[in-house]
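# Per-entry structural report
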Amino acid sequence: MKPRFLTSLAVCVSAAVFCQPSIGQEPEPANDVYTGAESVNSPVALTYSISAGDEDWILINKGLCEDITFRLQNDGSPLLDGIRLELYVGAITPPTNAVDQVVVVGGQSGSVKFSVKGVKTIYARVTPIDVTGSIDYTLSSTSVNVNVAILADIQRVKKRLKRLQRNLKGIPNSKKKRISRLKKRISTAKATIKKFRASLCSEM
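Residues numbered from 1 in each chain as written. Predicted model: local features only at pLDDT ≥ 70, side-chain atom pairs only at ≥ 80, totals over all residues. Heavy atoms only, no water.

Attention shifts here to the pattern of salt bridges. For the structure on display, the rule yields three salt bridges. Residues Glu-55 and Arg-125 are paired through a salt bridge, measuring 3.2 Å at the closest nitrogen-oxygen approach. One end of the pair, Glu-55, is in the loop between strand 4 (44-51) and strand 5 (56-61); the other, Arg-125, is in strand 10 (residues 121-129), and 70 residues separate them in sequence. Taking relative accessible area as the criterion, Arg-125 reaches 22% and is therefore assigned partly exposed. Each of Glu-55, Glu-86 and Arg-125 takes part in one network of salt bridges that share partners. (Salt bridge = Lys/Arg side-chain N within 4 Å of Asp/Glu carboxyl O. Helix = DSSP H or I, 4+ residues; strand = E, 2+ residues; numbered from the N terminus. Buried < 20%, exposed > 50% of the residue type's maximum accessible area, 1.4 Å probe, protein only.)

This brings us to the sheet that holds strand 10. Spatial strand order, 3-5-10-7-8: five strands in an open sheet with mixed pairing. The outermost strands of the open sheet, each flanked by one partner alone, are strand 3 (38-41) and strand 8 (100-104). Ignoring strand direction, the axes of neighbouring strands in this sheet form an average angle of 20°. Sheet topology note: the strand 7 (residues 82-89)/strand 8 ladder contains five bridges and is antiparallel. Following the sheet pairing, Arg-84 is matched in strand 8 by Val-103. (Pairing = 2+ DSSP bridges. Axes fitted to C-alpha atoms, helices over the stretch in contact; angles between N-to-C directions.)

Here it is in C-alpha coordinates:
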(Lines give C-alpha, C1' and ligand atoms only; values in the text may rest on other atoms or scores of the structure.)
Protein backbone atom coordinates (compact mmCIF):
# COMPACT_ATOMS: atom_id res chain seq x y z
CA MET A 1 0.00 0.00 0.00
CA LYS A 2 1.25 3.48 -0.86
CA PRO A 3 -0.48 6.16 1.16
CA ARG A 4 -1.36 9.35 -0.69
CA PHE A 5 -1.32 11.35 2.51
CA LEU A 6 -1.83 11.06 6.25
CA THR A 7 -3.20 13.82 8.40
CA SER A 8 -3.52 13.62 12.16
CA LEU A 9 -5.61 16.28 13.87
CA ALA A 10 -5.11 17.24 17.51
CA VAL A 11 -8.07 17.15 19.90
CA CYS A 12 -9.74 20.54 20.28
CA VAL A 13 -10.57 21.21 23.91
CA SER A 14 -12.55 24.34 23.24
CA ALA A 15 -14.19 26.17 20.37
CA ALA A 16 -11.67 28.97 20.90
CA VAL A 17 -8.68 26.69 20.19
CA PHE A 18 -7.67 26.12 16.58
CA CYS A 19 -6.35 22.64 15.87
CA GLN A 20 -3.17 22.50 13.81
CA PRO A 21 -2.90 19.39 11.59
CA SER A 22 0.35 17.44 11.37
CA ILE A 23 1.32 15.58 8.21
CA GLY A 24 3.41 12.43 8.10
CA GLN A 25 3.93 9.26 6.09
CA GLU A 26 2.87 5.76 7.02
CA PRO A 27 5.86 3.42 7.56
CA GLU A 28 5.48 0.58 5.07
CA PRO A 29 5.31 -2.34 5.68
CA ALA A 30 5.55 -1.83 9.47
CA ASN A 31 1.82 -1.20 9.95
CA ASP A 32 0.86 -4.51 8.33
CA VAL A 33 0.83 -5.86 11.91
CA TYR A 34 -0.51 -4.32 15.12
CA THR A 35 2.98 -3.88 16.59
CA GLY A 36 3.76 -1.41 13.81
CA ALA A 37 0.44 0.43 14.01
CA GLU A 38 0.48 4.08 12.98
CA SER A 39 -0.09 6.18 16.12
CA VAL A 40 -2.40 9.20 15.67
CA ASN A 41 -4.60 11.44 17.81
CA SER A 42 -8.38 11.65 17.51
CA PRO A 43 -10.08 13.08 15.52
CA VAL A 44 -8.41 11.56 12.46
CA ALA A 45 -8.49 12.10 8.70
CA LEU A 46 -6.43 9.42 6.94
CA THR A 47 -6.26 8.47 3.26
CA TYR A 48 -4.43 5.26 2.36
CA SER A 49 -4.23 2.76 -0.50
CA ILE A 50 -4.67 -0.96 0.03
CA SER A 51 -4.34 -4.07 -2.15
CA ALA A 52 -5.05 -7.79 -1.90
CA GLY A 53 -3.16 -9.48 0.94
CA ASP A 54 -2.38 -6.17 2.60
CA GLU A 55 -3.80 -4.69 5.82
CA ASP A 56 -3.44 -1.46 7.79
CA TRP A 57 -3.24 -1.09 11.58
CA ILE A 58 -3.79 2.31 13.21
CA LEU A 59 -3.52 3.12 16.94
CA ILE A 60 -5.84 6.01 17.80
CA ASN A 61 -5.30 8.02 20.99
CA LYS A 62 -8.60 9.21 22.46
CA GLY A 63 -9.36 12.29 24.48
CA LEU A 64 -11.63 12.54 27.52
CA CYS A 65 -14.83 11.97 25.56
CA GLU A 66 -15.85 8.32 25.43
CA ASP A 67 -17.72 7.81 22.14
CA ILE A 68 -16.02 8.22 18.77
CA THR A 69 -17.75 7.55 15.45
CA PHE A 70 -15.53 6.42 12.57
CA ARG A 71 -16.46 6.83 8.90
CA LEU A 72 -14.90 4.66 6.20
CA GLN A 73 -15.07 5.89 2.58
CA ASN A 74 -14.19 3.31 -0.09
CA ASP A 75 -13.01 4.81 -3.40
CA GLY A 76 -12.79 1.44 -5.17
CA SER A 77 -14.93 0.22 -8.07
CA PRO A 78 -18.68 0.58 -7.38
CA LEU A 79 -20.19 -2.50 -5.68
CA LEU A 80 -16.81 -4.28 -5.84
CA ASP A 81 -13.52 -3.96 -3.94
CA GLY A 82 -14.94 -4.38 -0.43
CA ILE A 83 -12.91 -3.39 2.63
CA ARG A 84 -13.52 -4.08 6.31
CA LEU A 85 -12.89 -1.77 9.29
CA GLU A 86 -12.55 -3.44 12.70
CA LEU A 87 -12.17 -1.64 16.06
CA TYR A 88 -10.33 -3.15 19.04
CA VAL A 89 -9.54 -2.05 22.58
CA GLY A 90 -6.06 -0.53 22.39
CA ALA A 91 -4.95 -1.64 25.85
CA ILE A 92 -5.23 -5.31 24.84
CA THR A 93 -2.26 -6.66 22.88
CA PRO A 94 -2.39 -8.60 20.73
CA PRO A 95 -5.85 -7.22 19.94
CA THR A 96 -8.57 -9.88 19.79
CA ASN A 97 -12.36 -9.87 19.54
CA ALA A 98 -13.30 -6.73 17.62
CA VAL A 99 -15.78 -4.61 19.58
CA ASP A 100 -17.42 -3.51 16.31
CA GLN A 101 -16.86 -3.59 12.55
CA VAL A 102 -18.25 -2.46 9.23
CA VAL A 103 -17.79 -3.69 5.65
CA VAL A 104 -17.94 -1.13 2.84
CA VAL A 105 -18.02 -1.85 -0.91
CA GLY A 106 -16.46 0.36 -3.56
CA GLY A 107 -18.02 3.78 -4.06
CA GLN A 108 -19.80 3.64 -0.69
CA SER A 109 -19.16 4.71 2.89
CA GLY A 110 -20.07 3.27 6.28
CA SER A 111 -19.69 4.21 9.91
CA VAL A 112 -19.14 2.48 13.23
CA LYS A 113 -19.02 3.78 16.82
CA PHE A 114 -16.52 2.88 19.55
CA SER A 115 -18.14 3.44 22.95
CA VAL A 116 -16.25 1.24 25.43
CA LYS A 117 -16.00 3.31 28.60
CA GLY A 118 -12.65 4.22 30.13
CA VAL A 119 -10.58 3.22 27.08
CA LYS A 120 -7.95 5.76 25.98
CA THR A 121 -6.57 4.02 22.89
CA ILE A 122 -8.24 2.21 19.99
CA TYR A 123 -6.82 -0.14 17.37
CA ALA A 124 -8.36 0.23 13.91
CA ARG A 125 -7.66 -2.55 11.39
CA VAL A 126 -8.49 -2.20 7.69
CA THR A 127 -8.42 -5.30 5.49
CA PRO A 128 -9.39 -5.87 1.82
CA ILE A 129 -12.19 -8.15 0.63
CA ASP A 130 -11.95 -9.30 -3.02
CA VAL A 131 -9.86 -6.26 -3.92
CA THR A 132 -8.25 -6.34 -7.36
CA GLY A 133 -5.33 -4.01 -7.90
CA SER A 134 -4.92 -1.11 -5.48
CA ILE A 135 -7.74 1.11 -4.15
CA ASP A 136 -7.86 4.24 -2.02
CA TYR A 137 -9.90 4.65 1.14
CA THR A 138 -10.39 7.37 3.74
CA LEU A 139 -10.82 6.78 7.47
CA SER A 140 -12.11 9.74 9.46
CA SER A 141 -13.63 10.28 12.89
CA THR A 142 -15.90 12.83 14.48
CA SER A 143 -14.42 15.95 16.00
CA VAL A 144 -14.75 15.53 19.76
CA ASN A 145 -14.79 18.67 21.89
CA VAL A 146 -14.29 18.82 25.63
CA ASN A 147 -15.97 21.75 27.37
CA VAL A 148 -13.09 23.01 29.50
CA ALA A 149 -15.37 25.19 31.64
CA ILE A 150 -17.48 22.18 32.61
CA LEU A 151 -14.31 20.14 33.18
CA ALA A 152 -13.16 22.80 35.66
CA ASP A 153 -16.56 22.71 37.37
CA ILE A 154 -16.28 18.94 37.77
CA GLN A 155 -12.86 19.26 39.40
CA ARG A 156 -14.18 21.97 41.74
CA VAL A 157 -17.16 19.87 42.86
CA LYS A 158 -14.94 16.79 43.28
CA LYS A 159 -12.74 18.73 45.72
CA ARG A 160 -15.83 19.84 47.64
CA LEU A 161 -17.08 16.24 47.72
CA LYS A 162 -13.79 14.96 49.16
CA ARG A 163 -13.86 17.67 51.82
CA LEU A 164 -17.41 16.77 52.82
CA GLN A 165 -16.55 13.09 52.98
CA ARG A 166 -13.56 13.81 55.23
CA ASN A 167 -15.72 15.94 57.51
CA LEU A 168 -18.33 13.20 57.74
CA LYS A 169 -15.74 10.68 58.97
CA GLY A 170 -14.75 12.95 61.84
CA ILE A 171 -18.25 13.48 63.26
CA PRO A 172 -19.33 11.33 66.23
CA ASN A 173 -22.47 9.26 65.76
CA SER A 174 -24.25 11.35 68.39
CA LYS A 175 -24.33 14.34 66.01
CA LYS A 176 -27.16 12.90 63.94
CA LYS A 177 -28.47 16.19 62.56
CA ARG A 178 -25.05 17.28 61.37
CA ILE A 179 -24.42 13.86 59.84
CA SER A 180 -27.76 14.08 58.01
CA ARG A 181 -26.94 17.55 56.64
CA LEU A 182 -23.52 16.42 55.42
CA LYS A 183 -24.97 13.34 53.73
CA LYS A 184 -27.46 15.52 51.86
CA ARG A 185 -24.67 17.82 50.71
CA ILE A 186 -22.61 14.82 49.60
CA SER A 187 -25.57 13.45 47.65
CA THR A 188 -26.08 16.86 46.01
CA ALA A 189 -22.40 17.05 45.04
CA LYS A 190 -22.51 13.60 43.44
CA ALA A 191 -25.63 14.52 41.47
CA THR A 192 -23.96 17.74 40.29
CA ILE A 193 -20.89 15.85 39.04
CA LYS A 194 -23.12 13.41 37.17
CA LYS A 195 -25.02 16.28 35.56
CA PHE A 196 -21.80 18.05 34.50
CA ARG A 197 -20.38 14.85 33.01
CA ALA A 198 -23.48 14.40 30.85
CA SER A 199 -22.71 17.67 29.06
CA LEU A 200 -18.90 17.46 29.09
CA CYS A 201 -18.50 16.11 25.56
CA SER A 202 -19.97 17.16 22.25
CA GLU A 203 -19.38 15.77 18.77
CA MET A 204 -19.17 17.83 15.60
